Amino acid sequence: MPVNIRGRSFLKLLDYSPAEIRYLLELSKDFKRLKRSGVPHRYLENKNIVLLFEKTSTRTRCAFEVAGNDLGLGVTYLDPGSSQMGKKESIADTARVLGRMYDGIEYRGFSQELVEQLAAYAGVPVWNGLTDQFHPTQMLADLLTMEEKFGSLPGLRFTYMGDARNNMGNSLMIACAKMGIHFTACAPKELFPAPELVEQAQAIARENHCTVRLTEDVDEGARGANVIYTDIWVSMGEPDEVWETRIKLLRPYQVNGDVMAKADPGAVFMHCLPSFHDTNTTIGADIAQKFGITEMEVTDQVFESPQSVVFDEAENRMHTIKAVIYATLC
Ligand code: CP
Ligand code: NVA
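None of these values were measured; they are calculated from a predicted model. (Residues numbered from 1 in each chain as written. Chains lettered and ligands numbered in written order. Predicted model: local features only at pLDDT ≥ 70, side-chain atom pairs only at ≥ 80, totals over all residues. Heavy atoms only, no water.)

1. Let's talk about the overall build of the chain
Phase 1: Broken down by element type, the chain carries 13 helices and 9 strands.
Phase 2: Expected size for 330 residues packed as a compact globule is a radius of gyration near 20 Å; at 19 Å, the chain falls within 12% of this value.
Phase 3: By principal-axis analysis of the C-alpha atoms, the chain measures approximately 55 × 45 × 40 Å.
Phase 4: A total of 330 residues make up the chain; the buried ones form 55% of that total.
Phase 5: For the chain, the share of sequence-separated contacts (at least 6 apart) that also reach a separation of at least 24 residues comes to 75%. (Helix = DSSP H or I, 4+ residues; strand = E, 2+ residues; numbered from the N terminus. Rg over C-alpha atoms; globule rule 2.2 N^0.38 Å. Buried < 20%, exposed > 50% of the residue type's maximum accessible area, 1.4 Å probe, protein only. Contact = heavy atoms within 4.5 Å.)

Set out below in structure tokens:
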């Protein structure tokens, strides 16, 4: 059956079938080939999109801007605090205003409910550029990167180590379940994903002949994995006070040489970035000073090793976001 997602919003992978995700991955590969060979692809001239960011960003913002420019779109960026949204104007009103001017809206913010509400009122496609609960555009980049490294996705063994109930843990669990990848969350119990989401993921996984499991045991979690993935220990929007407890909880789950040695010999290391793998950031330096640790979720040695594919993932943000914009606006 042909896949057509024109006019749809892209809010979370739960809303998309494996066939639709597959279509977006194939389109991303086409766009990557065009970009790499310098072939112009200004397919959406005379359309305009707006990027609303209530949290900071490097990759997602730049990926949307470059993808938009490559497609010939007009792109408006609104940074945290420079629109009326939330403070003087409700989400519903903002959505209806922007929907009258723009052909598509990207939103990065706090609750998933906000982006869902924006999409309900906008009348044009809305793309979730990260909420506290999900980060769907990152998923496409991660799936594409894994497919490039391993040739195909079904049957791969994927282990996520760290804060498994944040936007990345939640999203990766669903993305793997949809695409037939065995998913393990390796984390302290306190940071396991919500039981309802785990049940949902397990039901999806059964349909796609793979498994979703949770473990607190690092040896069990890392053993034989094809992919070891981690994310920062404290996410945007969380208060600084949580650092101390989070460090205590997550230190045993740091991705280091021992963890990579337990994984499959051909395993790759992945991270959505940004990452605290040294003290060359203000937060990294501050944490080192307060808590005496110079590396957090991943050691510098693993981050810089040949197994690390983090910059391929970062590049793939742009190709996959281009596919989402094109497929929903064309
Ligand atoms: N991975 C990711 O979303 O990065 P940014 O926060 O820089 O957009
Ligand atoms: N969990 C991180 C992801 C950043 C891309 C955060 O929300 O800050």
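2. So, the sheet that holds strand β8 (residues 227-230)
Phase 1: Ordered in space as β7-β6-β5-β8-β9, the 5 strands form an open sheet in which the pairing is parallel. Each having just a single partner strand, β7 (212-215) and β9 (268-271) make up the two edges of the open sheet. Here the average twist between neighbouring strands, direction ignored, is 20 degrees.
Phase 2: Pairing geometry for strand β5 (residues 157-161) and β8, over 4 bridges, is parallel. Looking at β8, one finds that Met161 is bridged to Thr230.
Phase 3: Sitting on the sheet, helix α5 (residues 136-150) touches β5, β8 and β9, and the angle it makes with β9 is about 165 degrees.
Phase 4: Along the sheet, helix α13 (residues 310-329) contacts β8 and β9; its crossing angle with β9, the most-contacted strand, is approximately 50 degrees. (Pairing = 2+ DSSP bridges. Axes fitted to C-alpha atoms, helices over the stretch in contact; angles between N-to-C directions.)

3. Things to note about the packing of aromatic side chains
Each aromatic ring pair is specified by the distance between its two centres and by the angle formed by the two planes.
Phase 1: With the rule as written, the count across this model stands at 11 aromatic pairs.
Phase 2: Between Phe158 and Tyr229 the ring centres are 5.7 Å apart and the planes differ by 35 degrees, which places this aromatic pair in the tilted class. With Phe158 in strand β5 and Tyr229 in strand β8, the pair connects residues that are 71 residues apart, well separated along the chain. Of the two residues, Phe158 and Tyr229, both sit in the buried class. (Phe/Tyr/Trp six-rings, centres within 6.5 Å; stacked < 30°, edge-to-face > 60°.)

4. Observations concerning the site of ligand 2
Phase 1: Around ligand 2, the neighbouring residues are Leu130, His135, Asn166, Asn167, Asp231, Ile232, Ser235, Met236, Cys272 and Leu273.
Phase 2: A distance of 2.6 Å is found between a nitrogen atom of ligand 2 and a side-chain nitrogen or oxygen belonging to Asp231.
Phase 3: Here an oxygen atom of ligand 2 and a backbone polar atom of Met236 are 2.8 Å apart.
Phase 4: Taken together, the residues of the shell around ligand 2 break down into 5 nonpolar, 4 polar and 1 charged. (Near = heavy atom within 4 Å. Polar contact = N/O pair within 3.5 Å; in protein donor to acceptor, adjacent residues only side chain to side chain. Nonpolar A, V, L, I, M, F, W, Y, C, P; charged D, E, K, R; others polar.)

5. Structural notes on the nonpolar core
Across soluble globular proteins, you tend to see nonpolar side chains buried next to one another.
Phase 1: Among the nonpolar cores identified, the biggest contains 64 residues, and Leu143, Met146, Phe158, Ile181, Phe183 and Ile325 are the most heavily contacted of them.
Phase 2: Once residues lying within four places of it in the same chain are set aside, the contact partners of Ile325 are Leu44, Ile49, Phe64, Ala67, Gly68, Leu71, Leu73 and Trp127.
Phase 3: Counting residues in each nonpolar core, the second largest holds 30 residues, with Cys186, Val218, Ile228 and Ala263 among its members. (Core = buried A, V, L, I, M, F, W, Y, C linked by side-chain atoms within 4.5 Å.)

6. Overview of the site of ligand 1
Phase 1: Residues in close proximity to ligand 1 include Ser57, Thr58, Arg59, Thr60, Arg108, His135, Gln138, Cys272, Leu273 and Arg317, which together make up its full environment.
Phase 2: In this structure, His135 approaches ligand 1 through a side-chain N or O atom, which is 2.8 Å from an oxygen atom.
Phase 3: Take Gln138: an N or O atom from its side chain is 2.9 Å from a nitrogen atom of ligand 1.
Phase 4: Protein chains bury 95% of the 260 Å² of accessible surface belonging to ligand 1 in isolation. (Areas by Shrake-Rupley, 256 points an atom, 1.4 Å probe, with all protein chains shown as cover.)

7. Considering the side chain of Asn226
Phase 1: The residue Asn226 is located in the loop between α8 (218-222) and β8 in this model.
Phase 2: According to the relative accessible area criterion, Asn226 is buried, its value standing at 10%.
Phase 3: The residues touching Asn226, leaving out its near neighbours within four places in the chain, are Phe150, Leu156, Arg157, Asp264, Ala267 and Val268.

The quantities given are spatial measurements derived from coordinates; they are silent on function.
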